[in-house]
Amino acid sequence: MRSLAEIHATLGPDGRLHGVPFQAGMERHAGTRHGATELRHRSLAWWQHPTGGRWFILHGLRCGGEPLATGCDRGCALLWHASWLHVEPAAAPR
């Protein structure tokens, strides 16, 4: 994952990229390394389709409820834009 400064450079004044927020709880993961699954739009309802490039869900990273003043315990997946990541190609099968 890219540094926090690199990620912040991609965000608009509202803290979003293509309408998707970079949430406060995501900051602690900047600079770390994780496996990822690219998001496929067919798995989402039409109103949940993020736009503007490739989006990923990183293995083991979930929302900790930081966006809500009252917290949340649902543990939803976080969306990560390709520009926030160092995406490496998958290893070829042996």
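Quick caveat, the model's predicted, so the values are computed rather than measured.

## Notes on the confidence of the model for the protein chain
The pLDDT averaged across the protein chain works out to 81; a share of 78% of its residues lies at or above 70. Per-element confidence in the protein chain ranges from a low mean pLDDT of 85 for strand β2 (residues 20-21) to a high of 95 for helix α1 (residues 4-8).

## Structural notes on the side chain of His29
Residue placement: His29 occurs in the loop between β2 and β3 (36-38). Assessed through its relative accessible area of 13%, His29 is described here as buried. Once residues within four sequence positions are removed from consideration, His29 is found in contact with Met1, Leu61 and Trp80.

## Details of the pairing of strand β4 (residues 55-58)
Two strands pair when backbone bridges link them, and β3 and β4 are joined in this way by three bridges, in the antiparallel orientation. Within β4, the residue paired with Thr37 across the bridge is Ile57. Strand direction decides the pairing type here: β4 and strand β5 (residues 80-81), joined by two bridges, are antiparallel. Each residue of the ladder has a partner; that of Phe56, found in β5, is Trp80.

## Here's the deal with the environment of Ala24
Its location among the elements puts Ala24 in the loop between β2 and β3. By relative accessible area, which is 55% here, Ala24 ends up exposed. The sequence separation of Ala24 and Gly64 amounts to 40 residues, and the corresponding C-alpha distance is 9.7 Å.

Conventions adopted
Residues numbered from 1 in each chain as written. Predicted model: local features only at pLDDT ≥ 70, side-chain atom pairs only at ≥ 80, totals over all residues. Heavy atoms only, no water. pLDDT = per-residue confidence, 0-100. Helix = DSSP H or I, 4+ residues; strand = E, 2+ residues; numbered from the N terminus. Buried < 20%, exposed > 50% of the residue type's maximum accessible area, 1.4 Å probe, protein only. Contact = heavy atoms within 4.5 Å. Pairing = 2+ DSSP bridges.

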